[in-house]
Amino acid sequence: MIIAIDGPAGSGKSSVAKMIAHRLGFQHIDTGAMYRAVAWKGQQTGIDLSDPDAVARMAEATDIELIPGGGGQRILVDGQDVTAQLKTEAVGRGAATVASQARVREILVAKQRDIGKNGGVVMDGRDIGTVVFPGADKKFFLDADPRERGRRRFEELKVSNPEVDLESIIDQVRERDFEDKNRAVSPLKQAADAIRLDTTHLAIEDVVEKILRLCEPS
Ligand code: C5P
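For the rest of this paragraph, the subject is the site of the ligand. In the vicinity of the ligand, 15 residues are found, and the nearest of them are Arg 36, Arg 105, Asp 127, Arg 176 and Asp 180. One of the side-chain nitrogen or oxygen atoms of Asp 127 is found 2.8 Å away from a nitrogen atom of the ligand. Between the ligand and Arg 176, the relevant distance is 2.8 Å, taken from an oxygen atom to a side-chain nitrogen or oxygen of the residue. Mapped onto the shell around the ligand, the elements with two or more residues apiece are helix H2 (32-45), helix H4 (89-98) and helix H8 (166-182). Counting residues per element, the shell around the ligand draws most heavily on H2, at three residues. Partitioning the shell around the ligand into residue classes produces four nonpolar, three polar and eight charged.

The next subject is helix H1 (residues 13-24). Over its 12 residues, H1 extends 16 Å from the first C-alpha to the last, a length consistent with the 16 Å expected when each residue adds 1.5 Å. The complete set of buried residues in H1 reads Lys 13, Val 16, Ala 17, Ile 20 and Ala 21. End-on, the buried residues of H1 take up no more than an arc of 130°, which puts them together on one face. Summarising the contacts, the buried residues of H1 are in contact with strand S1 (2-6), strand S2 (27-30), strand S6 (121-125), strand S7 (138-143) and helix H9 (204-215). Following H1 by one or two positions, Gly 25 has its phi on the positive side, about 70°.

About the criteria used
Residues numbered from 1 in each chain as written. Predicted model: local features only at pLDDT ≥ 70, side-chain atom pairs only at ≥ 80, totals over all residues. Heavy atoms only, no water. Near = heavy atom within 4 Å. Polar contact = N/O pair within 3.5 Å; in protein donor to acceptor, adjacent residues only side chain to side chain. Helix = DSSP H or I, 4+ residues; strand = E, 2+ residues; numbered from the N terminus. Nonpolar A, V, L, I, M, F, W, Y, C, P; charged D, E, K, R; others polar. Expected span 1.5 Å × (residues − 1). Buried < 20%, exposed > 50% of the residue type's maximum accessible area, 1.4 Å probe, protein only. Arc of directions from axis to C-beta. Contact = heavy atoms within 4.5 Å.

In short, the description is geometric, and any link to function would need to be established separately.
Structure follows, in structure tokens:
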């Protein structure tokens, strides 16, 4: 079984996907972390992220491993554990830039299909139900009010950086939404057969229970 969970930044999809995978004994694949890994490496090595050829060459030569584990998925880039470094807004913005490039998407989508081909996965991202696994058994699209999504990102980021500013995080979330929804390749959109859940006023546990109920065999 493949469960696809898509949605914008801060919709709660990664936390929800992680908990659902845990409850079902499935593997959780956070595909956003793969785009972040490419952006992180580009930023570390001084590559111009707006140059699609340079980014594609680098992505082809980069080994990205997703290691499932009790504490959550860990990401290794060329053997180095960079899980914590990928969480910053700067890497998130870089990820949105490289994610607009067709060749990078081809490379990462092929990897995602390979990881998910045997099923038993909960995969979250922007295009899982539309492009990566259009035939997924269950598809969900999580959304929430942009201010609430910004507030959630703010709470996450505040843990490692007490200087973060709520209003600028909300602005960044809106900017990333705009980029993700308006790019030419695989823009963020709900699959026609996905179930939409508005999480603005829902606790994460409630979203998880709802999705688990909807995944029960009928
Ligand atoms: O979900 P997360 O914030 O980690 O994703 C970072 C960026 O990666 C997104 O803003 C989006 O541009 C891109 N992304 C994507 N397709 C996916 C997952 C993430 O384009 N399946």
